[in-house]
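Here's the letter readout for the chains.
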Amino acid sequence: MPDAVIAGAGIAGLTAALALAQRGWTVRIRERAARLEAVGAGIQLSPNALDVLHRLGVAVDTVGVAADSVVLRDGPTGRRIATVPVSSTDGRGYRVLHRADLQRVLLVAVHRVPQIELHLGQPLVALDATAPGIQAEFGGPSGDLRDEADLLVAADGVRSDAARLLGFPSPQPSGATALRFAATAAPTDQPAAAIEAWLGARRHAVRYRIDAAGAENLVVIVPAGEPTLGAVSRWDARLAGSLAQARPLGAWPLLTVMPRWRAEGPAPIAFVGDAAHAMLPYAAQGAAMAIEDAFVLSACLDDAADRGSALRRYEALRAPRVGKVLARVAFHRRVYHLPRPLSLARDLALALRSPASLRRDLAWLYDWRADEALAISGN
Ligand SMILES: Cc1cc2nc3c(=O)[nH]c(=O)nc-3n(C[C@H](O)[C@H](O)[C@H](O)COP(=O)(O)OP(=O)(O)OC[C@H]3O[C@@H](n4cnc5c(N)ncnc54)[C@H](O)[C@@H]3O)c2cc1C
């Protein structure tokens, strides 16, 4: 049975462990943190990510709430600009939830699989890509621990130590900061939540419900040099009211990295999730791409006779798709943050589009299914 060591027990690492174990690998996850805390805030999971989680038996439908659309509003006035449906073309749903709830259902699934071990308090501290096997060292309470395996999966986030140890460039500031808040909404009997986004010059805010009891996630993206709400606190009264009673969760400087998929040396080392391609949250796809990566990597390795070509195939499958998502993220960043009068032209153009035609713009993203993506490219 081939064995893999995974650095990092975030969304990417836990999903990669499940995907590899489903294909017969034994897996050791080594996580730097001594305890898995409820970090993060809300997260949106589109149908492409849910498809993978369902295939892996993760009970994601038991947490969070369904969402049916993103309502785009003018920030200052709150005027509705457009409604963008978020289900796939064939009606598969979209969920909004707390990241900690996603991590919890992933952990439940991981603990059910005997061939996955999870070790906490073990940071990756040394890595060598020049030998054909994996030679990695992890720190621990009783000193460094040397691990050998058939594969190392670097799932250690945007500030990836694996990438640093292999000489990849450091993450770069994006020029934007996310201010995150926890809020509470009035009770509702609506079966599906609407995600609301308020757009304005160089800033935007997003709010959505993350559980049935009415907990809400609120995030405001602001320029990194001015990390305060500024004018946003005087925008649309519905948003301003939420912000006034919300609990601040802190400021997240948003970083980017040049995508990297595998080590350049002979060692079978693959990058997944933010370690591979941290992306800005303008299209809510960072975790979704981590989840897709994990599944595609495991499928490519299924024919494990030649891991080098499996990893090249992984890169060939993932690089174009993630590149297209990154382009969409950059497009949203430009369009969401237009100043007046350019924003008025944007609003007019969007108002002329039907929800169905706006949905078609994102069909390539949300309609993705793991089996079809692999079949189309001949796996
Ligand atoms: C404001 C904001 C909103 C977002 N909204 C969405 C959204 O709506 N939808 C969406 O899909 N995505 C969203 N994202 C992105 C998403 O949160 C990330 O892409 C995703 O959580 C990345 O998961 P990961 O497992 O790759 O990395 P992480 O969650 O960072 O996990 C990395 C893990 O590796 C561990 N680690 C680090 N160094 C080491 C080491 N040396 N050795 C061992 N372990 C190590 C860390 O402790 C951590 O547990 C958002 C991000 C932000 C900032």
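Residues numbered from 1 in each chain as written. Predicted model: local features only at pLDDT ≥ 70, side-chain atom pairs only at ≥ 80, totals over all residues. Heavy atoms only, no water.

**Q** I keep staring at the sheet that holds strand β7 (residues 116-119) and nothing clicks. Help me out?
**A** Strands belonging to one sheet form pairs held by backbone hydrogen bonds; the direction of such a pair is parallel or antiparallel. An order of β7-β2-β1-β11-β17 is seen for the five strands of this open sheet, with the pairing classed as parallel. Only two strands of the sheet have a single neighbouring strand rather than two, namely β7 and β17 (269-271). For this sheet the average axis-to-axis angle between neighbouring strands, irrespective of direction, equals 20°. Sitting on the sheet, helix α1 (residues 11-22) touches β1 (3-7), β2 (26-30), β7 and β11 (151-154), and the angle it makes with β2 is about 170°. (Pairing = 2+ DSSP bridges. Helix = DSSP H or I, 4+ residues; strand = E, 2+ residues; numbered from the N terminus. Axes fitted to C-alpha atoms, helices over the stretch in contact; angles between N-to-C directions. Contact = heavy atoms within 4.5 Å.)

**Q** Looking at this model, I keep getting lost on the site of the ligand. Mind explaining?
**A** Around the ligand there are 29 residues in total, and E31, Q44, L124, D161 and D274 lie nearest to it. Side-chain polar atom of D274 to an oxygen atom of the ligand: 2.7 Å apart, as the coordinates give it. Here a nitrogen atom of the ligand and a backbone polar atom of G286 are 3.3 Å apart. Relative to its free-state accessible area of 1000 Å², the ligand is covered by the protein chains to the extent of 88%. Every element with two or more residues in the shell around the ligand is listed here: α1, β3 (42-45), β12 (172-184) and α7 (286-301). When we break the shell around the ligand down by domain, the ones giving at least three residues each are domain 1 (3-172 + 256-377) and domain 2 (175-255). (Near = heavy atom within 4 Å. Polar contact = N/O pair within 3.5 Å; in protein donor to acceptor, adjacent residues only side chain to side chain. Areas by Shrake-Rupley, 256 points an atom, 1.4 Å probe, with all protein chains shown as cover. Domains from an automatic or database assignment.)

**Q** Would you explain the domain arrangement of the chain in this entry?
**A** Interface size is commonly expressed as the accessible surface area that is lost when the partners come together. Partitioning the chain into domains gives domain 1 (3-172 + 256-377) and domain 2 (175-255). Taking the mean C-alpha position of each, domain 1 and domain 2 sit 23 Å from one another. With 40 residues of domain 1 at the interface, the matching set in domain 2 holds 32 residues. Here domain 1 and domain 2 share an interface that buries about 2800 Å² over both sides, 61% of which is from carbon and sulfur atoms. The three residues of domain 1 that bury the most area against domain 2 are R73, Y336 and H337, which together make up 20% of that side's buried surface. (Buried area = accessible area lost by both parts, 1.4 Å probe.)

**Q** Even after reading the chapter, I still don't get the pairing of strand β15 (residues 215-223), so can you show me in this structure?
**A** Along a regular strand, successive side chains alternate from one face of the sheet to the other. Among the nine residues of β15, eight are classified as buried, and the element is accordingly described as predominantly covered. Bridging between β12 and β15 involves nine bridges; their strand directions are antiparallel. Bridge pairing links A176 to P223 in β15. As paired elements, strand β14 (residues 203-209) and β15 share six bridges and run antiparallel to each other. Note that in β15 the partner of V206 across the bridge is V219. (Buried < 20%, exposed > 50% of the residue type's maximum accessible area, 1.4 Å probe, protein only.)

**Q** Please clarify how the sheet that holds strand β9 (residues 134-138) should be interpreted in this entry.
**A** Pairing within the open sheet is antiparallel, and its three strands lie in the order β8-β9-β10. With partners counted over all chains shown, the strands left at the sheet margins are β8 (124-128) and β10 (145-149), one partner each. Across this sheet, the average inter-strand angle for adjacent strands is 25°, counted without regard to direction. As defined by bridge partners, β8 adjoins β9 across four bridges and the pair is classed as antiparallel. In the sheet register, D128 faces β9, and the bridge partner there is Q135.

**Q** Can you walk me through unusual backbone geometry in this structure?
**A** Among all residues except glycine, the phi angle is most often negative; among peptide bonds, the trans geometry is most common. Residues R340 and P341 are joined by a peptide bond in cis, for which omega reads 5°. Despite not being glycine, R202 has its phi angle at roughly 65°, a positive value. Relative to the helices and strands, R202 resides in the loop between β13 (193-200) and β14. For A284, which is not a glycine, the phi torsion comes out positive at approximately 55°. Assignment of secondary structure puts A284 in the loop between α6 (274-277) and α7.

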